[in-house]
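Structural overview
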There are 2 protein chains.
Amino acid sequence: MSNNYVAIMAGGVGSRFWPASREERPKQFLDIMGVGKSLLRLTFERFLALCPAENIFIVTNGKYKEQVKEHLPELTDNQILCEPSRNNTAPCIAYTAFKLQALNPDANLVVAPSDHIILQEQRFIDALQKALTFTSSNDALLTLGIEPNRPDTGYGYINYEPIASEAQVHKVKKFTEKPPLEKAKAFVASGEYLWNAGIFIWKTASVLEAFQKHAPAIHEILGANLSCYNTDTEQAFIDQAYPTTPKISVDFAIMEKAENVYTIPSSFGWSDLGTWGSLHVESDKDSQGNVTQGDSILLHDTHNSLIRISPDKLAVIGGLDDFIIVDESDVLLIYPKNREQEIKQLRGKVQEQFGNDTL
Amino acid sequence: MSNNYVAIMAGGVGSRFWPASREERPKQFLDIMGVGKSLLRLTFERFLALCPAENIFIVTNGKYKEQVKEHLPELTDNQILCEPSRNNTAPCIAYTAFKLQALNPDANLVVAPSDHIILQEQRFIDALQKALTFTSSNDALLTLGIEPNRPDTGYGYINYEPIASEAQVHKVKKFTEKPPLEKAKAFVASGEYLWNAGIFIWKTASVLEAFQKHAPAIHEILGANLSCYNTDTEQAFIDQAYPTTPKISVDFAIMEKAENVYTIPSSFGWSDLGTWGSLHVESDKDSQGNVTQGDSILLHDTHNSLIRISPDKLAVIGGLDDFIIVDESDVLLIYPKNREQEIKQLRGKVQEQFGNDTL
């Protein structure tokens, strides 16, 4: 299946994993799971079941290029797309499509984030195989839909046609961004809604056509110099053109407007792993409900907590319930797990108060 | 008053201040108060009101000699007495007495720990001046008595004669080691008991006579080669003789046996600063009852806690009440303050489990 490609989006920061994640050392480059591999590396290896390494491309911010090469030494420079600015997902996806289209006009593509976890990899690959088969023979924009197990108000929801268009592939009726709780409860109860995981499958031809129709400005800017892609002049063109594209998400730019949008209801142990709390939920726990990352952690009367300590450090911790403890060499965080939404604000306060952007 | 001398006992570890204190870096060498000076340095400077620096001697374990010189560069090598082994306080005090007696037969001496705090220094110095005046003209063993403000079961108590022998100097009737709570309450209520702070005043001649009478083995061993003291052969003699002395406290060896024991009931903001909890009690607190040591500590909804973080590290801490948090480069301790007596045991467990004696 040499027409199959994967584009891994690795340009974000994952700031809710502070103090482990920093602007200069984003979440996807961290061993967030405590398994000895970064999230980016785990994501890359997962996709090797779908296509060879040379068909996997990484889209990242220019300043992370060296970190990508470090984590994925298999890749050539041409496989690392460097955004000169953060313009949200639509320009990023259009850039990837133009580049792969120039490489292979029949390119059939999976676009996926670099920092999610997938517990049931085979089911994930099966769903993607099915999606790629569908998009290879249909002019379709397909987004994997996750069967919701709770009325989470932090996700976008996909309302889908209950009757499949083709085995397991359903037409999407409507997207709803992060709904209020009552609405989310109704969505889950109806059985006709899925979470939007931001994992897209389409032919580059199909997605470029959608851009032309629904986001013509982006199409025009990034399509202005097709001959540059995959040549020495690509980066110079992108450095000049990309920052002038509208900053907009692919959901707003094309998915919510297009008619040919499909989903495959799926269940493969997915988490966008947005916060320390979600890492605690997804990880294996000890008998007291603790998740520990570190070689020398001694816990006493401590429960339901997430404790991440560097391997060369000893921690002796007692009397804590439902806490997040993250110790980095320059920052120590100790915070109630159920109040972790306060951390982002505190981080801002820190940078203000101590005037240090690296924190 | 060139007959006045001070001997500062600086051979202990202060293990209850783990993980700040370690075998290789005892409490007295740490800036426990967060004021920029070690406890030893603070103690030394306090005594400069009593006698010149050349009359202040430090008794320590041989392995801490370099650290003493670092903290007290004013001292000559002859002012640092190095014990080759830890034999408790009686041999240590006898060694000091023999050495100062050889230097000045009229030596009148204050013996004091290196790791206590004294909040009202002038009252402390006044009490010592009075004590030195008394011992200079009386064959007396004097121990400062602290007026107790609570029935603490962690201290030894001094029962004293209510009628003074001489202005403010009272004869001691009896010592009681760490009493049970009910007894301690009765002691405090009676008004006839004081805490034994381990701060002694006596002429070297008086204390050596007491050793000869009540602890003759120690006197014999350390008095076997009087001509060696303050010469090049002193250390070799001590290295050979000292480890053979009985391991016994000065309280058991002489104070509880001697007849000529006196005390001065005193009150000068004393604390033996035995634990993190006592440091919290004695230190200035913020409006939430927290004591913080560190340059970049951001607290949120945190109360009555002691937080000690190295100056170059940021800490963001929320939702804790009554905790001890100590972050050293290689060890992090987070523990309920009212359960700090468990820490010592946990430390033992740590050394066992992780097989690391430096921890």
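Every value quoted in this text rests on a predicted model; they were computed, and no experiment measured them.

**Brief notes about the pairing of strand β10 (residues 261–266) of chain A**
All names here are of chain A. Within β10, six of the six residues are buried, which leaves it mostly tucked inside the rest of the structure. Where burial is concerned, the two faces of β10 agree: the one with V261, T263 and P265 and the one with Y262, I264 and S266 are both buried. Bridge count for strand β6 (residues 141–146) against β10 is six bridges, and the pairing is parallel. Directly across from I146, in β10, lies its bridge partner S266. Looking at chain direction, strand β8 (residues 170–176) and β10 are connected through two bridges and run antiparallel. Counterpart to K171 in the pairing with β10 is Y262.

**Section: the pattern of salt bridges**
Residues and elements named next belong to chain A. All chains considered together, the criterion is met by 40 salt bridges over all chains. A salt bridge links E45 to R41; its shortest N-O distance comes to 2.7 Å. You can see E45 and its partner R41 sitting in helix α1 (residues 39–47), four residues apart, about one turn around the helix. With relative accessibility at 28%, the residue E45 sits in the partly exposed group.

**Digging into the environment of E256(B)**
One can find E256(B) in the loop between α9 (250–255) and β10 (261–266). With 140 residues separating them in the primary sequence, E256(B) and H116(B) have C-alpha atoms 23 Å apart.

**Structural notes on the interface of chain A and chain B**
Taken together, the contact pairs 37 residues of chain A with 37 residues of chain B. Between chain A and chain B, a total of about 2,800 Å² is buried, with carbon and sulfur atoms accounting for 68% of that surface. Taken as a group, L314(A), V316(A) and L332(A) account for 24% of the area that chain A buries against chain B, more than any other trio of residues on that side. Joining chain A to chain B, the criterion identifies four salt bridges. The closest approach of N and O atoms between D301(A) and R339(B), which form a salt bridge, is 2.9 Å. At the junction of chain A and chain B, the tally comes to 16 residue pairs in polar contact (both at pLDDT 80 or more). Listing elements by their share of the side of chain A that touches chain B, those giving two or more residues are β13 (296–300), β15 (314–318), β16 (323–327), β17 (331–336) and α11 (341–354) of chain A. A breakdown of the residues in the side of chain A that touches chain B according to their chemical character gives 21 nonpolar, six polar and ten charged.

Scoring rules and cut-offs
Residues numbered from 1 in each chain as written. Chains lettered and ligands numbered in written order. Predicted model: local features only at pLDDT ≥ 70, side-chain atom pairs only at ≥ 80, totals over all residues. Heavy atoms only, no water. Buried < 20%, exposed > 50% of the residue type's maximum accessible area, 1.4 Å probe, protein only. Helix = DSSP H or I, 4+ residues; strand = E, 2+ residues; numbered from the N terminus. Pairing = 2+ DSSP bridges. Salt bridge = Lys/Arg side-chain N within 4 Å of Asp/Glu carboxyl O. Contact = heavy atoms within 4.5 Å. Buried area = accessible area lost by both parts, 1.4 Å probe. Polar contact = N/O pair within 3.5 Å; in protein donor to acceptor, adjacent residues only side chain to side chain. Nonpolar A, V, L, I, M, F, W, Y, C, P; charged D, E, K, R; others polar.

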